[in-house]
Amino acid sequence: MFKRLLTAFAGTLMVLAGAVRAEVDPNYTVVLLTENFPPYNMAINGKNFAQEDNIDGIAADVVREMFKRAGVKYNLTLRFPWDRIYKLALEKPGYGVFVTARLPEREQLFKWVGPIGPDDWVLLAKADSSINLTSLDEAKQYRIGAYKGDAISEYLTDKGVEHSTSLRDQENARKLVAGQIDLWATGDPAGRYLAKQEGVSGLRTVLRFDSAELYLALNKEMPDEIVAKLQAALDQMRSEGFVDATLNNYL
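What you see is a predicted model, and the numbers here were worked out from it, not measured in a lab.

Engineer: Tell me about unusual backbone geometry, and name the residues and values.
Structural biologist: A cis amide bond links Pro38 to the next residue, Pro39, at an omega of 0 degrees. Mapped onto the secondary structure, Pro39 falls in the loop between strand E1 (29-34) and strand E2 (42-43). Here the residue pair Gly114 and Pro115 is connected by a cis peptide bond, since its omega of 0 degrees sits within 30 degrees of zero. Its location among the elements puts Pro115 in strand E7 (residues 110-125).

Engineer: Now, about the pattern of salt bridges: what can you tell me, with residues and values included?
Structural biologist: This model, assessed by the stated rule, comprises 14 salt bridges. Arg143 is the salt-bridge partner of Asp182, the closest N and O atoms lying 2.9 Å from each other. With Asp182 in the loop between helix H5 (170-178) and strand E10 (183-188) and Arg143 in the loop between E7 and strand E8 (144-147), this pair connects stretches of sequence that are 39 residues apart. On the accessibility criterion, Arg143 (41% relative accessible area) is partly exposed. Residues joined by salt bridges that share partners form a network here, namely Asp120, Asp188, Arg192 and Arg208.

Engineer: Hey, could you go over the packing of helix H2 (residues 58-70) against helix H8 (residues 242-250) for me, with residue numbers and the actual values?
Structural biologist: H8 packs onto H2 with a crossing angle of 150 degrees between their chain directions and a minimal axis gap of 9 Å. Accordingly, the angle class assigned to the pair H2 and H8 is roughly antiparallel. Helix-helix and strand crossings are classified by hand; for H2 and H8 the assignment is right-handed. Packed against H2, whose contacting residues are Ile58, Asp61, Val62, Glu65 and Arg69, the element H8 presents Phe242, Thr246, Leu247 and Tyr250 at the interface.

Rules used in this analysis
- Residue positions are given per chain, counted from 1 along the sequence in the order it is written.
- Local features in this predicted model are restricted to residues whose pLDDT is 70 or higher, and side-chain atom pairs enter the listing and the counts only when it is 80 or higher, whereas totals over whole chains, interfaces and linings include all residues.
- Excluded from the side-chain calculation are hydrogens and water; included are all heavy atoms of the structure.
- A run of H or I in DSSP becomes a helix once it reaches four residues, and a run of E becomes a strand once it reaches two; helices and strands are each numbered from the N terminus.
- Definition used for salt bridges: Asp or Glu carboxyl oxygen within 4 Å of a side-chain nitrogen of Lys or Arg.
- The cut-offs for exposure are 20% and 50% of the maximum accessible area for each residue type, with area from a 1.4 Å probe on protein chains only; residues under the lower value are buried, those over the upper are exposed, and the others partly exposed.
- What counts as an axis is a line fitted to C-alpha atoms, over the stretch in contact for a helix, and the angles between N-to-C directions run from 0 to 180 degrees.
- Here roughly perpendicular refers to angles of 65 to 115 degrees, roughly parallel to angles under 35, roughly antiparallel to angles over 145, and oblique to all remaining angles.
- Helix crossings fall into two classes, left-handed where the near helix is turned counterclockwise from the far one by less than a right angle and right-handed where it is turned clockwise.
- Whether two residues are in contact is decided by their heavy atoms, any of which lying within 4.5 Å being enough.

Dropping the structure here:
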């Protein structure tokens, strides 16, 4: 009997020790990376590098509030290009990147918090363009521009739609106006916001071909406790109307 009790007691101690080890260090700091993707995230000075309070946008405001409510420490940096920061979040424990589309092929690559906001996928043409489309297949006959490394570009590739890519999505607005491309595959509202910043207006939506929800993607080694705290904070913010108010503030 004594031996069985001793064994049970030892087992209990092991469970308790494991629970202690599982606790997250209160000083654990998440390294957050983002890019210029107006109006969701953007450098206040318009450059391709910014840190902390020099980063603005819908997602930046939502993520800051989310971490504050969750009581999780972080540092925030905006960098370029997207491919680089996505790879860092994918490979480095403690890293996260936002905003990015939660696609089936990415589902197992990260731990996710969201959604933060919507991102409709559209094909835009110049105001005086005569192009009219009812499907993505019909677009294959035209010259299409997209953002390198973006989910929309990946989607077009998967669908067999040939397209050129640019390192900055706003370059496609200029290409469209200059006649270098016929259609711009981009997000809405992001595309219209970027075009406006480039002095381009009156673009016409000729096809709305898909939509995605935008998330914070965290490295798979991120402690589940932190992920749960962040998601709970975001859910509360949404129920209070904070997320919608932030979105409307920029649009």
